[in-house]
Amino acid sequence: MKFCADPSPLSVSAIQSALGLCSLGRDMHIHDEVLSTNTMALALVDSGANHGTIVLAEQQTAGRGRWGRSWFSPPKKNLYCSVILKEVYPKDRLSWIPLITGLAITQAIEELANLRPSLKWPNDILVGDRKLGGVLCESTPQGTRRRAIVVGFGINVNSRIEEFPEDLHLSSTTLAAETGRLYDRNHLAARILSNLEVHYERLRSQSLQEVRAPYLASCSTIGRQICIRLVNGEDIKGLALDIGRDGALRVAPSIEFPHAKKSGKEVMEIRSGEVVHVR
Ligand code: BTN
């Protein structure tokens, strides 16, 4: 990756020329400032945007994370991107979309930054235990005429940790902080999008193993003792065993854990939750 003392601004032509024949990114919108690229993308779906339309911004003033959190989105340093996917088949593989997006991101970083991030299920991008990026998928509401999935991802690229809010100092990291260099966000965006296209096409038309195997190879959750906070606020502790065909995390709950006794199940399949790696 080219070292740049003053990273270039985001540019449609720079990203599209690096994307070549990729079908994602033929329509691309870059904004100086938005509330959230996901919000912009959802609005674009409503006005008939094509499959593969990309929304990027130099800054988000109301960037959203999972679980209703906000996503720290300072200007001109990092990557905030949303992808409109309109042709998601087969339906039973839908929950793999956020997982393959995380995979596309970790692979792009490996290719460009000589760093090997891992994925915490479902799609947190980590270096060690610190968060480098995340993925937030949102769908247009049921019943709306134009259905699509918006895949939003944020990556901490050129920010310094000291620029982050203090409560994120120990839990976050950036590519620049990890490697001591600055990165061209246009190159990074193009790499991620072309990797995403490859995985997306595999997900649509090939054996699930084509995406599951590389995901498992990058996932640091499997084989770990974890604690999961479920959507209803309940916590489950146990050993992360595997990822199921539908993208669920398969967990062997701890014997001493009341939930395990209550459910009587040897393996629980978790479809949504916030994972903490315990050891
Ligand atoms: C997470 O909590 O880990 C997910 C973070 C997702 C942030 C990205 S930044 C681009 C897109 N727009 C948003 O408002 N959120 C996502």
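Above this text you will find the structure in question.
What you see is a predicted model; the values in this text were computed from it and never measured.

(A) Spatial organisation of the sheet that holds strand E5 (residues 124-127). Strand order across the open sheet formed by 7 strands is E1-E2-E3-E7-E6-E5-E4, with mixed pairing between neighbours. Looking along the sheet, the strands with just one partner apiece sit at the ends: strand E1 (28-31) and strand E4 (118-120). Sheet twist, expressed as the average angle between the axes of neighbouring strands with direction ignored, equals 20°. When E4 meets E5, the two strands line up antiparallel, connected through 3 bridges. Residue pairing for E5: Lys120 is matched across the bridge by Asp124. Of the strands in this sheet, E1 and strand E2 (54-57) are in contact with helix H1 (residues 12-19), which crosses E1 at around 145°.

(B) Representation of the site of the ligand. Around the ligand sit 20 residues, and of these Ser36, Gln60, Arg64, Arg66 and Lys131 come closest. Arg66 is positioned such that a nitrogen or oxygen atom in its backbone is 2.7 Å from an oxygen atom of the ligand. Within the side chain of Lys131, a nitrogen or oxygen atom sits 2.5 Å from an oxygen atom of the ligand. Here the ligand loses 98% of its free accessible area of 410 Å² to cover by the protein chains.

(C) Molecular detail of the pairing of strand E7 (residues 149-155). Among the 7 residues that make up E7, 7 are buried, leaving the element largely enclosed by the rest of the structure. The alternating pattern of E7 places Ile149, Val151, Phe153 and Ile155 on one face and Val150, Gly152 and Gly154 on the opposite face, and all of these are buried. Across 7 bridges, the pairing between strand E3 (residues 79-85) and E7 is antiparallel. Along E7, the bridge assignment pairs Ile84 with Val150. When strand E6 (residues 130-139) meets E7, the two strands line up antiparallel, connected through 7 bridges. Note on E7: the bridge partner recorded for Val135 is Phe153.

(D) Representation of the environment of Pro117. Position of Pro117 among the secondary structure elements: in the loop between helix H3 (96-113) and E4. The spatial distance from the C-alpha of Pro117 to the C-alpha of Gln59 is 24 Å, given a sequence separation of 58 residues.

What counts, and where the lines are drawn
- Residues numbered from 1 in each chain as written.
- Predicted model: local features only at pLDDT ≥ 70, side-chain atom pairs only at ≥ 80, totals over all residues.
- Heavy atoms only, no water.
- Pairing = 2+ DSSP bridges.
- Helix = DSSP H or I, 4+ residues; strand = E, 2+ residues; numbered from the N terminus.
- Axes fitted to C-alpha atoms, helices over the stretch in contact; angles between N-to-C directions.
- Contact = heavy atoms within 4.5 Å.
- Near = heavy atom within 4 Å.
- Polar contact = N/O pair within 3.5 Å; in protein donor to acceptor, adjacent residues only side chain to side chain.
- Areas by Shrake-Rupley, 256 points an atom, 1.4 Å probe, with all protein chains shown as cover.
- Buried < 20%, exposed > 50% of the residue type's maximum accessible area, 1.4 Å probe, protein only.

Geometric descriptors of this kind do not, in isolation, establish any biological role.
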